[in-house]
Amino acid sequence: MSSGHCMTGKKIILGVTGGIAAYKAVEVASRLRKAGAEVHVIMTRAAQEFVTELTFREITGNPVNTGMWGKVAHWNVEHIALAQMADLVLVAPATANLIAKLSIGMADDMLTTTILATRAPVFLAPAMNSNMFSNPVTQKNLETLRAQGMEIIPPASGHLACGVDGVGRLPEPVDIVARVEEYFCQGQSLKGRKILVTAGGTIAPIDPVRFIGNRSSGKMGYAVAEEAARRGAEVVLVLGVSALPDLGNARTIRVETTEEMRQAVLQEFSDSDAVIKAAAVADYRVKQVAGQKIKKSDDDWSIDLVRNPDILYELGQKKEHQVLVGFAAETQNLMEYAKKKLAKKNLDFIVANDVTMPGAGFQGETNIARLVFRDGRAEEHPMMKKSELACVILDHLEGIFRERCARVE
Ligand code: C5P
């Protein structure tokens, strides 16, 4: 994958701690900036004994943080402002001392405080004497940090400044920056693709105050849209009735009825690369929607319903290059119904779930699904978070895109 512009505009906090390898952090800063990142350096007290603040200021073009009590470069509480704006925190070199402090959540300087306060991913590149590195306490601390989700860039082996050969060298700046670049680029596997997602339920109005609806929360489709956007796709989310907010980095079109959803979907369809229809679409609408609230009487009341268009079926007829993914929420005969829908609606695959199973279906955070493909293959997945199932679905979608590419070549 080309690294392209994955790093452009990314805000990276580069933490520099006091080891002899601190001088290599200058090259790390320079390479990050050349790759397009905005670099903000935080130096520990000890780091300033090895390299000057001025060097980093010149290399990054930004003020350098050297302590908690100095001049303020950003409005807001300084460490919180930095922690919040960061897309990633990289500490290179990370000394045994810093690693130990982080492992117990200490926050006694600007760097440790920022790391404790950030929600951005944290990458550490340890560099130290090989005995310090292999010391069980350092290894245990690293393990603790790894378990918390921090990424440890393993040190290289070779000649160390202390005169011995062993593990503990800071990896080459080019390799450290490559690792960071890989992180930012991996999310871009759907860049250049337009993905149309529907989610939530549509309703059938009866009169200005009443409607017929369903139990869909919109969470499954929302998770798919969120993940597709994270992977760099241009995402359009057509969202039916749902309590969920507009998606941050996608276009959200809110609809209520099936006809409104149909209009929105048809409008966005022709230049879409894939449509993932996770919405629970109302199959019927009220034949005669009353203009005024229908007053109750002592009699029973029946309502005539007429069939709504099947949007996905319509897309299946129209489809050219688009990949179509449907959902089948069933309460019985799951596989049989799923296979029928796959064929009838001309889908590439269908995500089938039995909504009666605990841990599956509408309102919850988890789902249990089977993916059924055109060639009859079915893939069964255990209960997982909807966000994880979204990854599974998009991995398959990417697989289909790749297959098509290979066929064209
Ligand atoms: O036929 P059924 O409604 O069970 O199929 C479910 C799949 O079809 C879902 O992907 C749903 O979003 C879509 N659908 C649709 N238009 C309808 C009904 C369902 O697009 N009117």
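Residues numbered from 1 in each chain as written. Predicted model: local features only at pLDDT ≥ 70, side-chain atom pairs only at ≥ 80, totals over all residues. Heavy atoms only, no water.

**Brief notes about the sheet that holds strand 1 (residues 11-16)**
Spatially, 2-1-3-4-5 is the arrangement adopted by the 5 strands of the open sheet, whose pairing is parallel. The open sheet has two edge strands, strand 2 (38-43) and strand 5 (151-152), and neither has a second partner. Where strand 3 (residues 88-94) and strand 4 (residues 122-126) come together, 4 bridges link them in parallel fashion. Along strand 4, the bridge assignment pairs L90 with F123. (Pairing = 2+ DSSP bridges. Helix = DSSP H or I, 4+ residues; strand = E, 2+ residues; numbered from the N terminus.)

**Describing the sheet that holds strand 19 (residues 370-373)**
In space, the 8 strands of this open sheet follow the order 12-11-8-13-16-17-19-20, with mixed pairing throughout. The strands lining the two open edges of the sheet, one partner per strand, are strand 12 (251-254) and strand 20 (378-380). On average, adjacent strands in this sheet sit at an angle of 15° to one another, irrespective of strand direction. Alignment of strand 16 (residues 323-330) against strand 17 (residues 349-354), held across 6 bridges, turns out to be parallel. When the sheet's bridge partners are listed, E330 is paired in strand 17 with D354. Most of the contacts of helix 10 (residues 219-230) go to strand 8 (residues 194-199), to which it runs at about 160°, and overall it touches strand 8, strand 11 (234-239), strand 13 (274-277) and strand 16. Contacts from helix 11 (residues 258-269) reach strand 8, strand 11, strand 12, strand 13 and strand 16 within the one sheet, and its direction differs from that of strand 8 by about 170°. (Axes fitted to C-alpha atoms, helices over the stretch in contact; angles between N-to-C directions. Contact = heavy atoms within 4.5 Å.)

**Regarding the nonpolar core**
A general feature of soluble globular proteins is that nonpolar side chains tend to end up buried together. One finds I195, I276, V351 and I393 to be the most contacted residues of the largest nonpolar core, which totals 37 residues. If you list the elements that add at least two residues to this core, you get strand 8, helix 10, strand 11, strand 13, strand 16, strand 17, strand 19 and helix 14 (386-408). Sorting elements by how many residues they give to this core places helix 14 first, with 8 residues. With residues near it in sequence (within four places) discarded, V351 still touches V325, G326, F327, A328, A369, R370, L371, L389 and I393. Of all hydrophobic cores here, the second largest spans 33 residues; its members include A29, L32, V39 and A92. (Core = buried A, V, L, I, M, F, W, Y, C linked by side-chain atoms within 4.5 Å. Buried < 20%, exposed > 50% of the residue type's maximum accessible area, 1.4 Å probe, protein only.)

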